[in-house]
Amino acid sequence: MSNKSASTLLKVVESHDAGDVMNFSLRKKALERNRSVSRISVNSSKMDEPSVIVIDSKMTPLEASTLLWECNVMGAPVYNAETETYIGMFDARDILSCVIAAHREFVAMGGHHHDPGEDTHMVNDVDIHLDDHKTRRDLIAKALQHIKINSKPPAPGAVTVSYLAARNPMTPFLTKDSSLLDVCKILACRQKHRVPITDSSSGKNACIGIISQSGLVAFIANKCPPGSLDVKMVDAGLEYKKEVVKIADDASASDAFELLDSHRLSGIAVVNEDGKLIGNTSARDIKNAVMDAGRTNMDMDILSYLARVRQSQLMQNDKYPSCHVHEDATVAHVVNLLAKTGYHRVFVVDDDMKPVGVVSFADIIKFFIEKGGD
């Protein structure tokens, strides 16, 4: 018996190529920038080539991350101008471990470690009696120097953009004509959040676009016929019951980020003392934590910390919706929620709001690849 939802998703993917997603994303961005301008033609099939953010291999990780966040993206290719080659993809999540290390260094150098429930002082109120460093900001700045993520030229032992990018090679090289199914197969792999699209017409591979998980799921959601995914997850065979990485709401922000880093995730569930889902972290929170540069105490509980840094680093289009569905949710609800929020995963809760599973975009891809041809 054919699986309606999986077949629909697979058919959409098989009938399009990488260039279709790039054009869709470009039109979507143009609409967002010019929503009030009536002369924008959303049906235009001819669009300007999207500009691609490329990171210079000589940048420090902190410089590279700042560039990405100013452009509201989480990853980009790293290019070595001397060798005229791409080293790999730099992901801003890669410096999360540096932020954690800076916090540890801060504590080791005399910073005050707060116990859960203890009152947290504002930055300007912190008075640590050390010779040259009296504030949290001073200590964190020194800590960042110690772990060498912002030293230029790179100091011995420094963490460099090239080192981080080399862990995410830009292979295989796909083009605008590559099948969307090939793109999906790459994004189905763990830790693959974006696929570079290249052009070799000049004799060298040049990156002309990036297809991200969030961009692809938005494209797929837009192309599925209305009602075609209105099947409950359990009936469609979309597996969601699995271990949920979660943390208690009274745990410190540093503990939460260490958990994120150890699992190489951007999102984890935050639960209360009854085990009920009351929040979640996202890739934007990693951005905010690094941009905050230690000004906010990472020993405060995770929800208070997130509220503080989200407020201080708030950008015009930043939103932080709770991302969960119940067990009787349809495939359409899950796909549309992923597309709307831009998150990489949706938590599944029972009637008591306790997380019992999770569905990532990689799970959606595996679902339609494995069951779409049944």
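Residues numbered from 1 in each chain as written. Predicted model: local features only at pLDDT ≥ 70, side-chain atom pairs only at ≥ 80, totals over all residues. Heavy atoms only, no water.

### A short note on the packing of helix α8 (residues 213–223) against helix α13 (residues 331–341)
Running from amino to carboxyl end, α8 crosses α13 at an angle of 130°, the nearest separation of the two axes being 8 Å. By the criterion of interaxial angle, the relationship of α8 to α13 is oblique. For the crossing formed where α8 meets α13, the hand is left-handed. Across from Val 217, Ala 218 and Ala 221 in α8, the residues of α13 making contact are Val 335, Asn 336, Leu 338 and Ala 339. Along the lines of polarity and charge, the residues of the contact of α8 with α13 split into 6 nonpolar, 1 polar and no charged. (Axes fitted to C-alpha atoms, helices over the stretch in contact; angles between N-to-C directions. Helix = DSSP H or I, 4+ residues; strand = E, 2+ residues; numbered from the N terminus. Parallel < 35°, antiparallel > 145°, perpendicular 65-115°, else oblique. Left-handed = near helix turned anticlockwise from the far one by under 90°. Contact = heavy atoms within 4.5 Å. Nonpolar A, V, L, I, M, F, W, Y, C, P; charged D, E, K, R; others polar.)

### As for the sheet that holds strand β7 (residues 269–271)
In a beta sheet, neighbouring strands pair by backbone hydrogen bonds and run either parallel or antiparallel. Pairing within the open sheet is mixed, and its 3 strands lie in the order β6-β7-β8. Edge strands, defined here as strands with exactly one partner in the open sheet, are β6 (246–248) and β8 (277–280). With strand direction ignored, the average angle separating the axes of adjacent strands in the sheet is 35°. With 3 bridges joining them, β7 and β8 adopt antiparallel strand pairing. Of the residues in β8, the one forming a bridge with Val 271 is Leu 277. (Pairing = 2+ DSSP bridges.)

### Focus on the pattern of salt bridges
Pairing is possible between side chains that carry opposite charge, provided their charged atoms lie close to one another. Enumeration over the complete set of coordinates arrives at 5 salt bridges. Residue Glu 84 is joined to Lys 204 by a salt bridge in which the shortest nitrogen-to-oxygen separation is 2.3 Å. Note that Glu 84 is positioned in the loop between β2 (75–80) and β3 (85–91) and Lys 204 in the loop between β4 (194–199) and β5 (206–212), a separation of 120 residues in sequence. Since its relative accessible area comes to 45%, Lys 204 is described here as partly exposed. Between Lys 242 and Asp 363 there is a salt bridge; the shortest N-O distance is 2.7 Å. (Salt bridge = Lys/Arg side-chain N within 4 Å of Asp/Glu carboxyl O. Buried < 20%, exposed > 50% of the residue type's maximum accessible area, 1.4 Å probe, protein only.)

### Brief notes about the side chain of Ser 228
As for its position among the elements, Ser 228 is in the loop between α8 and α9 (233–236). Residue Ser 228 is classed as buried on the basis of its relative accessible area, which comes to 8%. Not counting residues up to four positions away in its chain, the partners in contact with Ser 228 are Lys 4, Ser 5 and Thr 8.

### A short note on the layout of surface pockets
Estimates place the volume of the second largest pocket at around 470 Å³. Breaking the lining of the second largest pocket down by element, the ones donating at least two residues are β10 (345–349), β11 (355–360) and α14 (361–371). For the lining of the second largest pocket, the element with the most residues is α14, which contributes 4 residues. Class assignment of the residues belonging to the lining of the second largest pocket gives a composition of 12 nonpolar, 7 polar and 8 charged. (1 Å grid on protein atoms, 1.4 Å probe; cavity = no way out; pocket = protein on both sides within 12 Å on 5 of 7 lines; lining within 4 Å. Points joined across faces, edges and corners; volume = space filled by probe spheres on them.)

### Describing the packing of helix α7 (residues 180–187) against α14
For the pair α7 and α14, interaxial distance at closest approach is 9 Å and the crossing angle is 130°. Taken together, the axes of α7 and α14 lie oblique to each other. The two elements α7 and α14 cross, and the hand of that crossing is left-handed. Contacts from Leu 181, Cys 184, Lys 185 and Leu 187 in α7 reach Ala 362, Ile 365, Phe 368 and Ile 369 in α14.

### Side note on helix α3 (residues 61–70)
Residues Pro 61, Leu 62, Ala 64, Ser 65, Leu 68 and Trp 69 constitute the buried set of α3. Seen along its axis, α3 keeps its buried residues to an arc of 160°; they face one direction. A positive phi of about 60° marks Asn 72, the residue just after α3. (Arc of directions from axis to C-beta.)

### A word on the packing of aromatic side chains
As enumerated under the stated definition, the model contains 3 aromatic pairs in all. Ring plane angle 80° and centroid distance 5.8 Å describe the contact between Phe 257 and Tyr 305, whose orientation is recorded as edge-to-face. In this pair, Phe 257 is assigned in helix α10 (residues 253–263) and Tyr 305 in helix α12 (residues 302–312), connecting sequence segments 48 residues apart. For the residue pair Phe 257 and Tyr 305, the accessibility class agrees, reading buried in each case. (Phe/Tyr/Trp six-rings, centres within 6.5 Å; stacked < 30°, edge-to-face > 60°.)

### A few points about the environment of Gly 227
When you line up the elements, Gly 227 lands in the loop between α8 and α9. Along the sequence, Gly 227 and Ala 332 sit 105 residues apart, while their C-alpha atoms lie 7.9 Å from each other.

### Examining the environment of Ser 304
Position of Ser 304 relative to the elements: it lies in helix α12. Ser 304 sits in the partly exposed class, given a relative accessible area of 34%. Note: C-alpha distance between Ser 304 and Asp 249 (55 residues apart in sequence) is 9.2 Å.

### Some words on the confidence of the model for the chain
In this model, the chain carries an average pLDDT of 80, and 74% of its residues clear a pLDDT of 70 or more. Scored below 50 in pLDDT, residues 36–50 makes 12 contacts in the model with residues more than four places away or belonging to other chains. This model gives residues 113–134 a pLDDT under 50, and the stretch forms 32 contacts once residues within four places in sequence are excluded. (pLDDT = per-residue confidence, 0-100.)

### Looking at the nonpolar core
The biggest cluster of nonpolar side chains holds 52 residues, and the ones touching the most others in it are Leu 9, Val 183, Leu 216, Met 233, Ile 364 and Phe 368. Apart from residues no more than four positions distant in its own chain, Ile 364 is found in contact with Leu 9, Leu 238, Val 334, Val 335, Leu 338 and Val 359. (Core = buried A, V, L, I, M, F, W, Y, C linked by side-chain atoms within 4.5 Å.)

### Examining the sheet that holds β11
Within the open sheet, the 3 strands sit side by side as β9-β10-β11. Their pairing is mixed. Both edges of this open sheet fall to β9 (324–326) and β11, since each of them pairs with a single strand only. The sheet shows a mean angle of 30° between the axes of neighbouring strands, direction not considered. Looking at chain direction, β9 and β10 are connected through 3 bridges and run parallel. Within β10, the position partnered with Val 325 by the bridge is Val 348.

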